[in-house]
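Reading the structure
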Amino acid sequence: MKKIYLYGNWKMNMLPEEGEEFCRSLADRISGRLYGSDCVDICLFPPFLAIPAVLKALPAGPVSAGAQDGYFEDRGAFTGAVSMAMVRSVGCSHVLVGHSERRHIFGETNEVVARKLEKALNSGLKTVLCFGETLEEREGGKTIQVVQDQLLSAFQSVPEVRARDLVLAYEPVWAIGTGKNASPDDAQEVCAFAAKLALEAFGSGSLIPVLYGGSVKDSNAAELLSRQDIHGALVGGASLKVDSFLAIYENYRKAFAG
Ligand code: PEP
């Protein structure tokens, strides 16, 4: 039975005290064999200011915390930015790079994403590289080309010894926060393609998980997570409540793993 990655991106939601409360309630829910570290890997991505409170209240077990972004410079005149070293120094183990909201709202190019990825990995952070096409690109039959461009430009900046700290997250832009998820077949096709590119780039020594993100919720989780090349979910809206977040993993387990 495969291990499921259940990653929650809180985006610009949750005050420190709300994050702390979430962790307390998470702690009550995740004891027992179902939540062994060989079965599930949970990571929360709070907004920067809630990270210390979340880390303090983080339950024991397979749960860690990361930042939603980080900059590629170490220090200096970069108002508003937070470096990867800062992310690491407060105790985060993970970071997201290339989330579609960073690409499309904040104008991050493939080049910026590649520089962030390199810095994150060299800072010792497990790094979730998000990628995915827009609706226009999908309807124009360009999904595979766009995904290939995003991944190959980012892979060039991955130091070989750090590839094992890379996690990929396929997030079609049109599925994020819209309630419309990719069909399990479409998600599987792109995740399998990403896994193939990663294998070609890094070899079989680094088993790089590929997550799917985009309106994942309890009702569609089992079908998506059961696909061969989908190792987990990057969850936005449904990660804000413990019940809806854990239901994603629990529904998969109920349906496919007994
Ligand atoms: C996300 O923010 O990465 C995401 C997938 O959001 P949602 O689950 O709300 O679509």
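The shown structure was predicted, so the numbers you read here are calculated from the model rather than taken from an experiment.

Next up on the list: the side chain of Q188. For Q188, the location among the structural elements is in helix 8 (residues 184-202). Setting aside chain neighbours within four positions, we find Q188 in contact with R227, Q228, D229 and I230.

Residue placement: H94 occurs in strand 4 (residues 94-97). Sequence spacing of H94 and E118 is 24 residues, and the spatial spacing of their C-alpha atoms is 14 Å. Once residues lying within four places of it in the same chain are set aside, the contact partners of H94 are Y7, C43, F45, S64, A65, G66, A67, V87, L125 and K126. A polar contact is formed between the side chain of H94 and the side chain of Y7, at a distance of 3.2 Å.

With that settled, the discussion passes to the site of the ligand. Around the ligand, the structure places 14 residues, and the nearest of them are K11, E171, G177, S215 and G236. In the environment of the ligand, an oxygen atom lies 2.9 Å from a nitrogen or oxygen atom belonging to the side chain of H99. Between the ligand and the protein, one listed contact pairs an oxygen atom with a backbone N or O atom of G236 at 2.8 Å. Calculation on the ligand without its partners gives an accessible area of 290 Å², and the protein chains cover 96% of this total. Its residues assigned to classes, the shell around the ligand comprises four nonpolar, eight polar and two charged.

Taken in spatial order, the eight strands of this closed barrel run 1-2-3-4-5-6-7-8, and their pairing is parallel. When the angles between neighbouring strand axes are averaged without regard to direction, this sheet yields 25°. Looking at chain direction, strand 1 (residues 4-9) and strand 8 (residues 232-235) are connected through four bridges and run parallel. Opposite Y7, over in strand 8, you have L234 as the bridge partner.

What counts as what
Starting afresh in each chain, residues are numbered from 1 along the sequence in its written order. Owing to the predicted nature of the model, reporting of local features is limited to residues with pLDDT of at least 70; listing and counting of side-chain atom pairs is limited to 80 or more, with chain, interface and lining totals taken over all residues. By convention in this description, side-chain values take in all heavy atoms of the structure and omit both hydrogens and water. For helices the rule is a DSSP run of H or I covering at least 4 residues; for strands it is a run of E covering at least 2, with both sets numbered from the N terminus onward. Only heavy atoms enter the contact rule, under which two residues are in contact if any of them lie within 4.5 Å. Pairing of N or O atoms within 3.5 Å defines a polar contact, subject to two protein rules: one partner must be a possible hydrogen donor and the other a possible acceptor, and residues neighboring in sequence count only if both atoms are side-chain atoms. Being near a molecule or strand, for a residue, means having at least one of its heavy atoms within 4 Å of it. Here the Shrake-Rupley method, with its probe set to 1.4 Å, supplies the accessible areas, and only the displayed protein chains count as covering residues. Classification used: nonpolar for Ala, Val, Leu, Ile, Met, Phe, Trp, Tyr, Cys and Pro, charged for Asp, Glu, Lys and Arg, polar for all others including Gly. When DSSP finds two or more bridges between two strands, those strands count as paired. Helix axes are fitted to C-alpha atoms over the stretch in contact, other axes to C-alpha atoms as well, and angles between N-to-C directions run from 0 to 180 degrees.

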